[in-house]
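# Descriptive structure summary
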Amino acid sequence: MVVEGIILGLIVGLIRGGLRQAWTGLARMRLRAWWIFPLLVVFQLLVYLGLQRTDWVSGASAVFFMAIYAALIVFLWINRGQAGFKLLLAGVCMNFLVMLANGGRMPVSLEMAELANPGAVSMLEQETTLTKHMALTESTRLPLLGDVIPVTAPYPIPQVVSLGDLVMNAGMFWFLVSLLSSARKQEQSAQAGTDASA
């Protein structure tokens, strides 16, 4: 999840760049193959809806989740020149790697889940296919890349995250702050050039 990185990036970016300059930065944003991202969002939504209603979607959910990650990696690689995208790419690759090593599911520490969100423990123990998560056990491969970092109260949404999640949040924060404050930096550089030539 990168929700936290998005929220913090927007707040800091707006503070640094100001509302008008932030809109200018957004208008100047250029992402190659940008259409991949909205397609992935729609596809993931359809997968989650299908998990509730169709057995074959539930059975193939791991394949679908891995395909989404693989397409996201391609999108981030194409745009790796953008500020923060290399960090985003690294975080996604970490999560992709541990999921690939564990049958397309993200292992979650039951111990840490008990600390952060006890209600999720029973679901993990049932090993339902209605989620991309699974319980972390002794046979789990690459356990350190799984969801093993608890985020607890007073944080409003207690959860267990992975190292890859943290790296992705850092990348998203960097991208948004750079994007929203880029117009002001360009304006200041242009002003400095004008002053120097005067």
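Use the structure listed above.
Below or above, wherever it landed, is the structure these notes cover. (Residues numbered from 1 in each chain as written. Predicted model: local features only at pLDDT ≥ 70, side-chain atom pairs only at ≥ 80, totals over all residues. Heavy atoms only, no water.)

## Concerning helix 2 (residues 19-28)
Basically, it comes down to this: Each residue is assigned to one of three classes by its accessible area relative to the maximum for its type, calculated with a 1.4 Å probe on protein chains only: buried under 20%, partly exposed between the two thresholds, exposed over 50%. Under the DSSP-based scheme used, a helix requires at least four consecutive residues in state H or I and a strand at least two consecutive residues in state E, with every element numbered from the N terminus. As used here, the arc is the angular range of directions from the helix axis to the C-beta atoms.
Listed in full, the buried residues belonging to helix 2 are Q21, A22 and G25. What you see down the axis of helix 2 is that its buried residues fit within an arc of 105 degrees, all on one side. Away from its buried face, by an angle of more than 90 degrees, helix 2 presents the exposed residues L19, R20, W23 and A27.

## Notes on a nonpolar patch on the surface
Let me state the cut-off plainly: Each patch groups residues whose relative accessible area exceeds 30% and which form no salt bridge, using 9 Å between like charges and 5 Å between nonpolar side chains of Val, Leu, Ile, Met, Phe, Trp and Tyr. To measure how exposed things are, a 1.4 Å probe is used in the Shrake-Rupley method; for residues, cover is taken only from the protein chains shown. By definition, a salt bridge exists where a carboxyl oxygen of Asp or Glu is found within 4 Å of a side-chain nitrogen of Lys or Arg.
Judged by side-chain polarity, I6, L10, L14, L19, W23 and L26 come together as a nonpolar surface patch covering roughly 560 Å² of accessible area. Mapped onto the nonpolar patch, the elements with two or more residues apiece are helix 1 (3-17) and helix 2. Looking at where L10 falls in the secondary structure, it is placed in helix 1. What makes L10 partly exposed here is its relative accessible area of 37%.

## Side note on the packing of aromatic side chains
Inclusion rule: For Phe, Tyr and Trp, rings pair up if their centres lie within 6.5 Å, where Trp contributes its six-membered ring, and each pair is then called stacked (planes under 30 degrees apart), edge-to-face (over 60) or tilted (otherwise).
Applying the stated rule across the entire model yields five aromatic pairs. Between the aromatic rings of Y48 and F65, the centroid separation amounts to 5.7 Å while the plane-to-plane angle is 50 degrees, which identifies the pairing as tilted. In this pair, Y48 is assigned in helix 3 (residues 36-53) and F65 in helix 5 (residues 61-78), connecting sequence segments 17 residues apart. Feature note: the residues F37, F75, F85 and F175 constitute an aromatic cluster, connected by ring pairs.

## What to know about helix 1
The cut-off we apply is this: The span expected for a helix works out to 1.5 Å for each residue beyond the first.
Helix length check: helix 1, at 15 residues, gives a terminal C-alpha distance of 21 Å against a target of 21 Å (1.5 Å per residue), a fit within 8%. Among the residues of helix 1, those classed as buried are G5, G9, G13 and G17. Mapping the buried residues of helix 1 onto a view down its axis gives an arc of 60 degrees, with all of them on the same face. Following helix 1 by one or two positions, G18 adopts a phi angle in the positive range, close to 85 degrees.

## Here we look at the nonpolar core
Rules: The definition of a nonpolar core used throughout is a set of buried Ala, Val, Leu, Ile, Met, Phe, Trp, Tyr and Cys residues joined through side-chain atoms within 4.5 Å. Two residues qualify as a contact provided that any one of their heavy atoms is within 4.5 Å of a heavy atom in the partner residue.
With 26 residues, the main nonpolar core has L76, F85, L88, V92, M99 and F175 as its most contacted residues. Within the residue set of this core, elements represented by two or more residues are helix 3, helix 5, helix 6 (85-101) and helix 9 (163-197). In terms of residues, this core owes the most to one element, helix 5, which gives eight residues. Leaving out residues up to four positions away in the same chain, L76 has contacts with F85, L88, L89 and V92. Of all hydrophobic cores here, the second largest spans eight residues; its members include M112, L124, A135 and V160.

## Description of the environment of A113
As for its placement among the helices and strands, A113 is situated in helix 7 (residues 110-116). For A113, a relative accessible area of 3% puts it in the buried group.

## A closer look at the side chain of K132
Worth spelling out the cut-off: Positive charges are assigned to Lys and Arg, negative charges to Asp and Glu, while His and the chain termini are left out of the count. Within 3.5 Å is the distance limit for a polar contact, defined as a pair of N or O atoms, with the added protein rule that one can donate a hydrogen and the other accept it, and that residues adjacent in sequence qualify only through two side-chain atoms.
Structurally, the position occupied by K132 is in the loop between helix 8 (119-126) and strand 2 (133-135). This buried residue, K132, is left without a salt bridge; D165 holds the nearest opposite charge, at 6.5 Å. Side chain to side chain, K132 and Y69 meet in a polar contact 3.2 Å long. Contact partners of K132, with chain neighbours within four places excluded, come to Y48, F65, Y69, M99, G104, R105 and M106.

## Remarks on the packing of helix 5 against helix 6
This is how it is decided: What counts as an axis is a line fitted to C-alpha atoms, over the stretch in contact for a helix, and the angles between N-to-C directions run from 0 to 180 degrees. Each angle gets one of four labels, with under 35 degrees taken as roughly parallel, over 145 as roughly antiparallel, 65 to 115 as roughly perpendicular, and the rest as oblique. Definitions for this section: a left-handed crossing has its near helix turned counterclockwise from the far helix by less than a right angle. A right-handed crossing has that turn clockwise. When residues are grouped by polarity, Ala, Val, Leu, Ile, Met, Phe, Trp, Tyr, Cys and Pro land in nonpolar, Asp, Glu, Lys and Arg in charged, and all others, Gly among them, in polar.
Viewed as axis vectors pointing N to C, helix 5 and helix 6 meet at an angle of 155 degrees, and their least axial separation amounts to 10 Å. Considering the angle they form, helix 5 stands roughly antiparallel to helix 6. For helix 5 against helix 6, the interelement crossing comes out left-handed. Contact residues: F65, M66, Y69, A70, L72, I73, F75, L76 and W77 in helix 5; F85, L88, L89, V92, C93, N95, F96, M99 and L100 in helix 6. Here the contact of helix 5 with helix 6 is built from residues that sort into 17 nonpolar, one polar and no charged.

By themselves, these figures tell us nothing about what the structure is for.
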